[in-house]
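Here's the letter readout for the chains.
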Amino acid sequence: MVLEGREMDGIGNTMQKKAAELERLAEVLVTGEQLRLRLHEAKVIKDRRHHLRTYPNCFVAKELIDWLIEHKEASDRDTAIKIMQKLLDQSIIHHVCDEHREFKDLKLFYRFRKDDGTFPLDSEAKVFMRGQRIYEKLMNTENSLLQTREEEGGTFERALLASEFIDWLLQEGEMATREEAERLGRRLLEHGIIQHVTNKHHFADGPLLYQFRMNFRRRRRLIELLHERSRCIPESHDSPFCLRKQNSDGGNTSFLSVSPTKEIKVAVGVRRSSLSSSCGSSGYYSSSPTLSSSPPVLCNPKSVLKRQIVGDAVGWGFVVRGSKPCHIQAVDPGGPAAAAGMKVCHFVVSVNGLNVLSHDYRTVSNLILTGPRTIVMEVMEEA
C-alpha cells in the first residue's frame, strides 16, 4: 500500500523527533567505526601486556588522547576526553575490565566493543549496520540498480527502483521473502538511511524511486559527536557540500555564502565575477552577478575544465545554487575545491561523468552526497 498526502505528512510529524535521535545514533556508530579502523591502521590498537596478562586489541587512553590532538581531531585534552566519553556512553568502547565508567587521561586500557564481540546489537544498531553493509555492497559491485531515473517530471541521479531493489536483496541473500525485504526497506527509510526521491511516499514494493540519504563514506570529524544538532536533509537553500563554521554569538563567521534569499540571475556575454568576501579575507568568496534568463554556459564558453576534488573531514569546500544549470556560488579559500581550482561563477557541467546541465542544485547536491569521497567535476566558464 502506498501512503500519500496527509497520511505521509502524519508519518513525517510523528517520526520527526525519533528520526533525529536515530540519525544522531547513526552518526555515533559510523564515526566510531571510522575511528576504530584508523586506530588499527595506525597501530594505536594492538595487543598489550599488564601484570603478566595480555589484553588483545586495546589502546591506552593517554596515548589515544595524544593521537587525537596530533591528528587535529581535538584541540585539547579536555575536548578529547569528552569525545571518547561520548563513545563510551554509547557502548562503542569500554574499559577492558569494565572497572571505569569514565574515560580518563591515564595509562588505562580501553577497547572497542566491536573488537571483542561485546557490542550491544539492539534493533536500532542492527538497522544502521545492515544499511551500511547494503550501501557498501551496492557501491562496490557492478549493477544496474543505481541509475539516473525520472519520476514525477524530475530526473534523479543514483536512484533505485523499489521493486528492483527488493529483487536484488533476495538475490544477494539479504532477505528470504519479498515481504521481509519490503519491511527492511521501510525500516531503512524510517531510520533516515534511504528516502523517496520527492519525500512523498513511504517504502513500498513497486515502481517508486528511492535514493540513499546517508553517505556512509563521508569522513566524519570526531568533534561532530559533541554537537547536538539535527542531521536531517530537509528543504534547504544551501548545498551541504561543506559544513560552515558559525559562532554561537551570531557575530562574524569564518565561512559565509550569499544569502539564499537573494535572486541570482545570469548575464550572457558579460563576465561579472568580481570576488567579494562577506567577512574579510577568511570567509567564503561569493558573488551575485546579474544575469539574463539565457544559460551562460551555452553561449560561447571559454572552456570546459575538469576538476578532481578530494573531500576532507568537513566536506568539499564549495556551495552550489541555481537551476538548469547550477553554478558555484561560494568557495572556501582554504578548502579542497579551492585547491583544485574551483571558482565562483563556474557552471557545473558534469559530476562523476554524469551530465547535470539540466538539473537543479538539489539534484546535484544529492548526487555528490551519495557518491564517493573523491568527486570529478566538469565546470564551464563564461566567454
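This structure is a prediction, so every number in the text was calculated from the model and none was measured.

Thoughts on the side chain of Gln195
Among the secondary structure elements, Gln195 is positioned in strand 7 (residues 194–196). Apart from residues no more than four positions distant in its own chain, Gln195 is found in contact with Leu189, Leu209, Tyr210, Gln211, Arg213 and Asn366.

Digging into the sheet that holds strand 2 (residues 53–60)
The four strands are arranged 1-2-4-3 in an open sheet whose pairing can be described as antiparallel. Looking along the sheet, the strands with just one partner apiece sit at the ends: strand 1 (46–50) and strand 3 (93–95). When strand polarity is set aside, the average angle formed by the axes of neighbouring strands in this sheet is 55 degrees. The pairing of strand 2 with strand 4 (residues 109–112) spans two bridges and is classified as antiparallel.

A short note on helix 3 (residues 77–89)
Taking 1.5 Å per residue as the helical rise, helix 3 with its 13 residues ought to reach 18 Å, and the 18 Å between its terminal C-alpha atoms agrees with that figure. Residues Thr79, Ala80, Ile83, Met84, Gln85, Leu87 and Leu88 constitute the buried set of helix 3. Near the N-terminus of helix 3, the side chain that reaches the backbone nitrogen of Asp78, with its oxygen 3.2 Å away, is that of Asp76. Backbone geometry just after helix 3 places Ser91 at a positive phi near 60 degrees.

Concerning the pattern of salt bridges
All chains considered together, the criterion is met by 17 salt bridges. One salt bridge in this structure joins Arg111 and Asp116, with 3.3 Å as the shortest N-O distance. The buried category is assigned to Arg111, whose relative accessible area is 8%. On the accessibility criterion, Asp116 (27% relative accessible area) is partly exposed. A salt bridge links Glu174 to Arg130; the nearest nitrogen and oxygen atoms lie 3.7 Å apart. With Glu174 in the loop between helix 6 (162–171) and helix 7 (178–190) and Arg130 in helix 5 (residues 123–140), the pair connects residues that are 44 residues apart, well separated along the chain. Several salt bridges share partner residues, and in doing so they unite Arg130, Arg133, Lys137, Glu172 and Glu174 into one network.

Side note on the packing of aromatic side chains
Applying the stated criterion across every chain yields a total of eight aromatic pairs. Centre to centre, the rings of Phe103 and Tyr110 are 4.6 Å apart; their planes meet at 35 degrees, and the pair counts as tilted. The exposure classification of Phe103 matches that of Tyr110, with both residues buried. Consider the rings of Phe203 and Tyr210, whose centres lie 4.9 Å apart with planes at 45 degrees: the pair is tilted. There is no split in this pair, since Phe203 and Tyr210 are both buried. Put simply, the rings of Phe59, Phe103, Tyr110 and Phe112 pair up and form one aromatic cluster. Sitting over the ring of Tyr361, Arg321 keeps its end group 5.1 Å from the ring centre.

Describing the environment of Leu209
Here Leu209 is to be found in strand 8 (residues 209–212). Since its relative accessible area comes to 2%, Leu209 is described here as buried. Sequence-wise, Leu209 and Leu160 are 49 residues apart; in three dimensions their C-alpha atoms are separated by 5.6 Å.

The rules behind these values
- Residues numbered from 1 in each chain as written.
- Predicted model: local features only at pLDDT ≥ 70, side-chain atom pairs only at ≥ 80, totals over all residues.
- Heavy atoms only, no water.
- Helix = DSSP H or I, 4+ residues; strand = E, 2+ residues; numbered from the N terminus.
- Contact = heavy atoms within 4.5 Å.
- Pairing = 2+ DSSP bridges.
- Axes fitted to C-alpha atoms, helices over the stretch in contact; angles between N-to-C directions.
- Expected span 1.5 Å × (residues − 1).
- Buried < 20%, exposed > 50% of the residue type's maximum accessible area, 1.4 Å probe, protein only.
- Polar contact = N/O pair within 3.5 Å; in protein donor to acceptor, adjacent residues only side chain to side chain.
- Salt bridge = Lys/Arg side-chain N within 4 Å of Asp/Glu carboxyl O.
- Phe/Tyr/Trp six-rings, centres within 6.5 Å; stacked < 30°, edge-to-face > 60°.
- Lys NZ or Arg CZ within 6 Å of the ring centre and 35° of its normal.

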